[in-house]
Amino acid sequence: MEPRTVKIHDCEFSTYIFEEEIIARINILAEQIDEDYADKQPLFLAVLNGSFMFVSDLLKRVSVPCEISFIRLKSYQDMHSTGKVKELLGLTEDIRGRHVVVLEDIVDTGHTVHGLLQQLKEHNPASVEIATLLMKPECLQHQIEVKYVARSIPNDFVVGYGLDYNGLGRNLRDIYKIVS
Ligand code: IMP
């Protein structure tokens, strides 16, 4: 595949994970979820905004009966995560006794997912698992189990396929890595 570069704000990004690989990895996740959630009717909670492409491609491939709802957390301001627990917005479903699968774009330090899990567990779901498109294992600062990871990456800032850099880059169909 021909490498491409894109300039977003003050930074240059170069193609890193092409759409074909993303879809191949999502296919594997969908098969795992189908196997693990047969007869459980999971409720997927997609964390906006970054997860929208991942959610769309994943759920087209999940075939167990399921529900999907969208939640939002306080937005990420720059290239570095802050340590604060972000407020959960938009949880309209009663998740008590439900098998919940949180759909995330990327787990970096894990602050976001850790805080979200704490808030969700207060509602007594039957189970909660995390499915993420990307994960940066080197950056993880919490003891959390992320059961479904489409692709692990090193500690590089990435954009595309739903992920942004200060608002831009979400619409790119491939994932790009920062070069300068
Ligand atoms: P965490 O709380 O440090 O795990 O960060 C999670 C959130 O930070 C994600 O949902 C993204 O919105 C954002 N984030 C972390 N790393 C990146 C990146 O490389 N590109 C774009 N957004 C990122």
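Note: the structure precedes this text.
Residues numbered from 1 in each chain as written. Predicted model: local features only at pLDDT ≥ 70, side-chain atom pairs only at ≥ 80, totals over all residues. Heavy atoms only, no water.

## Things to note about the packing of helix α1 (residues 19-36) against helix α2 (residues 52-59)
Right, on to step 1. Two elements in contact, α1 and α2, have axes whose closest approach is 9 Å; the angle formed by their N-to-C orientations is 60°. Judged by the angle between their axes, α1 and α2 are oblique. Between α1 and α2 lies a crossing whose hand is right-handed. Touching I23, I26, L29, A30 and I33 of α1 are F54, D57 and L58, all from α2.
Right, on to step 2. By residue class, the composition of the contact of α1 with α2 is seven nonpolar, no polar and one charged. (Axes fitted to C-alpha atoms, helices over the stretch in contact; angles between N-to-C directions. Helix = DSSP H or I, 4+ residues; strand = E, 2+ residues; numbered from the N terminus. Parallel < 35°, antiparallel > 145°, perpendicular 65-115°, else oblique. Left-handed = near helix turned anticlockwise from the far one by under 90°. Contact = heavy atoms within 4.5 Å. Nonpolar A, V, L, I, M, F, W, Y, C, P; charged D, E, K, R; others polar.)

## A short note on the environment of T15
Right, on to step 1. By the element assignment, T15 lies in strand β2 (residues 11-17).
Right, on to step 2. Note: C-alpha distance between T15 and N171 (156 residues apart in sequence) is 14 Å.
Right, on to step 3. If near-sequence neighbours (up to four positions away) are discounted, T15 is found in contact with E2, P3, R4, D174, I175 and Y176.

## Points about the sheet that holds strand β1 (residues 5-8)
Right, on to step 1. In space, the four strands of this open sheet follow the order β1-β2-β10-β9, with antiparallel pairing throughout. Of all the strands in the sheet, the pair left with one neighbour each is β1 and β9 (158-159).
Right, on to step 2. Pairing of β2 with strand β10 (residues 175-178), which is carried by four bridges, proceeds in the antiparallel orientation. Considered in β10, the bridge of S14 is made with K177. (Pairing = 2+ DSSP bridges.)

## Regarding the packing of aromatic side chains
Right, on to step 1. Evaluation of the coordinates by the stated rule reveals three aromatic pairs.
Right, on to step 2. Ring centres of F13 and F157 lie 6.4 Å apart, and the angle between their planes is 55°; on these two criteria the pair is classed as tilted. In this pair, F13 is assigned in strand β2 and F157 in the loop between β8 (148-152) and β9, connecting sequence segments 144 residues apart. Grouping residues by exposure puts F13 and F157 together as buried.
Right, on to step 3. For the ring pair F157 and Y165, a centre distance of 5.8 Å and an interplane angle of 75° mean the geometry is edge-to-face. (Phe/Tyr/Trp six-rings, centres within 6.5 Å; stacked < 30°, edge-to-face > 60°. Buried < 20%, exposed > 50% of the residue type's maximum accessible area, 1.4 Å probe, protein only.)

## What about the nonpolar core?
Right, on to step 1. Counting 30 residues, the largest nonpolar core has L58, L103, L133, L134 and Y161 as its most contacted members.
Right, on to step 2. Mapped by element, the contributors of at least two residues to this core are α1, β3 (43-48), α2, β6 (99-107), β7 (127-135) and β8.
Right, on to step 3. Here this core takes six residues from α1, the largest share from any one element.
Right, on to step 4. Contacts of L133, omitting those with residues within four sequence positions, involve I22, I26, F54, E104, D105, A150, R151, Y161 and I175.
Right, on to step 5. Counting 19 residues, the second largest nonpolar core, distinct from the first, contains I95, V102, L117 and V128. (Core = buried A, V, L, I, M, F, W, Y, C linked by side-chain atoms within 4.5 Å.)

## Topic: the environment of L117
Right, on to step 1. Counting through the fold element by element, L117 comes out in helix α3 (residues 111-121).
Right, on to step 2. Along the chain, L117 and P42 lie 75 residues apart, while their C-alpha atoms are 16 Å from each other.
Right, on to step 3. For L117, the residues in contact, after removing those within four places along its chain, are V128, I130 and I144.

## Brief notes about the side chain of T109
Right, on to step 1. Tracing the chain through its elements places T109 in the loop between β6 and α3.
Right, on to step 2. When its relative accessible area of 10% is taken as the criterion, T109 is described as buried.
Right, on to step 3. A distance of 3.1 Å separates a polar side-chain atom of T109 from the backbone nitrogen of H111. (Polar contact = N/O pair within 3.5 Å; in protein donor to acceptor, adjacent residues only side chain to side chain.)

Take it as geometry only, folks, not as evidence of what the structure does.
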